[in-house]
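Residue-level structural notes
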Amino acid sequence: MSLFTYVLRGLKQRPLSSALTALSVALGVMLVTSILAVQHEVERSYGRQSAGYSLVVGPAGSPLELVLNSVYHVGMSPGLLPFSALRELEGKEWERFVRHCVPYAVGDSYRGYRVVATTDAVFSEHFPQPAGAGKEKFSAGGPFEFDAKKLDYALDLLRRKIPLPPDEAGRQAVLGAEVAQQLGLGVGDDIEPTHGIEGDHRHSARHRWRIKGVLKSTGTPIDRVVFITLDSFYRIPEHSGGRMPVTGEPALSAILVFPRGGYAKAVVLTNLRKRGDLQVADVPTEIGRLMSIVGNVDKLFFIMAILVLFVALIGITVAIYNSMNERRREIAILRALGAGRRAVFAAIVGEAVVLAAVGGLIGFIAARLLLLGADRILREAAGLSLQRPEFRFQELLVLLVVVAAGAVAGMIPAWKAYRTDVAANLAPLS
Amino acid sequence: MGAAIDIQHLRFSRGRGSQARVILDLPRFELASGAEVCVVGGSGSGKTTLLNLIAGILRPDRRSVAGGATPVMCVGGTDTLGLSEAQRDRWRAQTLGYVFQTFNLLQSLSALENLLIAQSFAGQNSDAARAHALDLLGRVGLGRLVDVKPGRLSVGEQQRVAIARAIVNRPALVLADEPTANLDDEHRDSVLALLRELVKESGSALCLVTHDAAIKAQFDRVESMSELSA
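Report on the accompanying structure. Position numbers for residues count from 1 along each chain, tracking the sequence in the order it is written. In the order they appear in the text, chains get letters beginning with A and ligands get numbers beginning with 1. In keeping with the model being predicted, local features are shown solely for residues with a pLDDT of at least 70 and side-chain atom pairs are shown and tallied solely at 80 or more, while totals for entire chains, interfaces and linings include all residues. With hydrogens and water excluded, all non-hydrogen atoms of the structure serve as input to the side-chain values.

1. Some words on the overall build of chain B
Helix and strand labels come from DSSP, where a helix needs a run of H or I of at least four residues and a strand needs a run of E of at least two; each type is numbered from the N terminus. The number of helices and strands found in chain B is 8 helices and 9 strands. Working definition: with a 1.4 Å probe on protein chains only, accessible area under 20% of the residue-type maximum means buried, over 50% means exposed, and in between means partly exposed. When burial is assessed residue by residue, chain B has 54% of its 230 residues classed as buried. In chain B, once contacts between residues fewer than 6 apart in sequence are set aside, the share between residues at least 24 apart is 73%. All accessible areas in this document rest on Shrake-Rupley with a 1.4 Å probe, and a residue is counted as covered only by the protein chains that are shown. Total accessible area on chain B is roughly 9800 Å²; 46% of this is exposed by carbon and sulfur atoms. The contact criterion used is simple: two residues touch if any of their non-hydrogen atoms lie within 4.5 Å.

Okay, structure coming up:
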């Protein structure tokens, strides 16, 4: 029989008070650890997911919106930019500075996953995710067949406002790893994308795209993307009107630009920033900007969570202190049996520590469950995956700090117990 | 081992300076090892104060009584006046058993745990100690109620647990403060008989204070608080 057993029995003797006190600590710990985990995951995910990207060229507007839409595949596309911008960046004039360009045309979706129309440039070794080139990027199948001549033909018809004929064979798709896994799709299956990113409008003509390959899992937003050929995108009747409003030129949503180095990147940035018809967004800069905005909100939430935790710890003091009046006799009995003042002090502090530790553990587990529950919401809203949030030393530190703070919270009632007048409290109650 | 109790020139006051009021003034009080004494006195005569002084729960006045005689308080062969508070706590756990009028059992612990915690304060945590506690509860007729908490025991059963707890560390001295005051006549006699029997078996001395004449009549040595006090 140890003093610790006595502490546990005492807490069991007051189940409601003990449970409520521990739960209030749990709430505080849950908030603090959830916010810390989300903070960490945001920084980790946004950093990792944008690794390898350099510049995004798009229509004039918010550069952050452009980066979020093009790299993270969240939010709305800021608008359209002329296809000629791609030809320009791929041309002789920029050859010294631009190594690689990947055009994106967005606006469709398949069962909640975004459809991105592009060229085979997305399967190049210069495109960062998944690593490798061509078939190396695939877990099954391979790249879709891309015919530049077909695209040129489609663009020509678009410019001349002539309806594009359907091309059954050209409707090919490549799936991100998560799309294939979640929807149970594989090479050879057909999909029928719908118009709009919410996926609630069917195209007027029911066309199917044949899946040619499934990309390797990257843990990035690429896993949640369906890639289709750009010319097949333009052949959808609703998209053939997707031209620049004034010039009538075929349009794109964005161009991912991979410069030849730091100096080349600076040149591209400087020159494109002078242009009024389009904008260029520096991916790392925009992510840094996003992190600073998110960071300020995080700080506010974190301070609020700390306050909740602080109030919960005061709750431990109040709960134990209030119980001391009815426990003075119990303390006196312990002393009469030979328990020293220090042992009594330790027992009361131990009680507070147990409440804080139990509450802390419940809060920690609740935070993990909360993160799992919020995974889908965060994935759709911000492209974040919290399915496997890392266990970090920081969270262990929160638990240790809460237990230590619990010990401090127990010291006031423990001091009262320490000073209990043994003789006076052993006397029969009148 | 010396006498169970050897007290000389003991004084206990409350208040300070001119406000001080002498509660107990005891020129001499002795009890041999393994012996019994019944101390009688009315309410407020200082019986409980005497027991708390013997137990080291209260501290006597430091200054000498009138005449310059030095206070002496040896209990179970230990000069308790020379012990620090922490030493007294340890000594109390190992040397004394205390039975209270209101039993003073720890309500959050079972009957057995009430004995085990007393043993743990005396540094006895072995399996043998646990077996002894179980055996003792069996001896007081509570062998089937060892896991029951005090709140679910009858008054008589609670006092039996309290007696077993006082004896469990085989103390040199058992102090009993009106141990039967809350019991009816039938239970009073059986509980008192049980207490005396177990105290005798464990070789302890017994100092029992009461105001009950029926109990007083059962002891060979009876001391009155008024006669003990100066």
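Right, picking up where we left off after that structure.
2. Examining the interface of chain A and chain B
The interface is formed by 21 residues belonging to chain A together with 26 residues belonging to chain B. In this description, buried area is defined as the sum, over both parts, of the accessible area (probe of 1.4 Å) that is lost when the two are combined. Together, the buried faces of chain A and chain B total about 2200 Å²; carbon and sulfur atoms form 62% of this surface. Any Lys or Arg side-chain nitrogen located within 4 Å of an Asp or Glu carboxyl oxygen qualifies as a salt bridge. Across the contact surface, chain A and chain B share 4 salt bridges. The shortest N-O distance in the salt bridge between Glu85(B) and Arg341(A) comes to 2.7 Å. Here a polar contact means two N or O atoms within 3.5 Å. Within protein one must be a hydrogen donor candidate and the other an acceptor candidate, and residues neighboring in sequence count only if both atoms are side-chain atoms. If you look at where chain A meets chain B, you find 8 residue pairs in polar contact (both at pLDDT 80 or more).

3. A word on helix 9 (residues 283-336) of chain A
Take the seven residues that end at a residue and the seven that start at it, fit an axis to each, and the angle between those axes is the bend at that residue. Roughly 70 degrees is the biggest bend found in helix 9 of chain A, and it falls at Glu326(A). Phi turns positive one or two residues past the end of helix 9 of chain A, at Gly338(A), with a value near 115 degrees.

4. Things to note about unusual backbone geometry
Cis geometry is adopted by the peptide bond preceding Pro130(A), which originates at Gln129(A) and carries an omega value of -15 degrees. Along the polypeptide, Pro130(A) turns up in the loop between strand 4 (113-118) and strand 5 (138-141). Here the phi dihedral of His9(B) falls at roughly 55 degrees; this positive angle occurs in a residue that is not glycine. Along the chain, the position of His9(B) falls in strand 1 (residues 5-14).

5. Notes on the packing of aromatic side chains
All names here are of chain A. Within 6.5 Å between ring centres, the rings of Phe, Tyr and Trp (the latter by its six-membered ring) count as paired, and their orientation is classed by plane angle as stacked under 30 degrees, edge-to-face over 60, tilted in between. Counted according to the given criterion, the structure contains 10 aromatic pairs over all chains. Look at Tyr 53 and Phe 258: their rings are 6.4 Å apart centre to centre, the planes differ by 35 degrees, and that puts the pair in the tilted class. Taken as a pair, Tyr 53 in the loop between helix 2 (15-49) and strand 1 (55-59) and Phe 258 in strand 12 (residues 254-259) lie far apart in primary sequence, 205 residues in all. Per residue, the accessibility class of Tyr 53 equals that of Phe 258, and both read buried.

6. Details of the side chain of Arg165(B)
Inspection of the secondary structure puts Arg165(B) in helix 5 (residues 155-167). Positive residues here are Lys and Arg, negative ones are Asp and Glu, while His and the chain termini are left out of the count. Among buried charged residues, Arg165(B) stands out as having no salt bridge; its nearest opposite-charge side chain is Glu330(A), 10 Å away. Here Asn104(B) takes part through its backbone oxygen, which lies 2.8 Å from a polar atom of the side chain of Arg165(B). Setting aside residues up to four positions removed in sequence, Arg165(B) forms contacts with Ile333(A), Leu337(A), Phe100(B), Phe103(B), Asn104(B), Leu105(B), Leu106(B), Asn114(B), Leu115(B) and Ala118(B).

7. A look at the pattern of salt bridges
Two side chains that carry opposite charge are able to pair once their charged atoms sit near each other. Summed over the entire model, instances satisfying the criterion amount to 28 salt bridges over all chains. In this structure, the salt-bridge partner of Arg28(B) is Glu30(B), at a minimum N-O distance of 2.5 Å. The residue Glu36(B) makes a salt bridge to Arg196(B) at a minimum N-O spacing of 2.8 Å. Taken together, the positions of Glu36(B) in strand 3 (residues 36-40) and Arg196(B) in helix 6 (residues 185-201) put the pair 160 residues apart, joining distant regions of the chain. For Glu36(B), a relative accessible area of 26% puts it in the partly exposed group. Relative accessible area serves as the criterion here: at 17%, Arg196(B) is assigned to the buried category. Connected through salt bridges with shared partners, the residues Arg335(A), Arg341(A), Glu85(B), Asp89(B) and Arg92(B) form a single ionic network.

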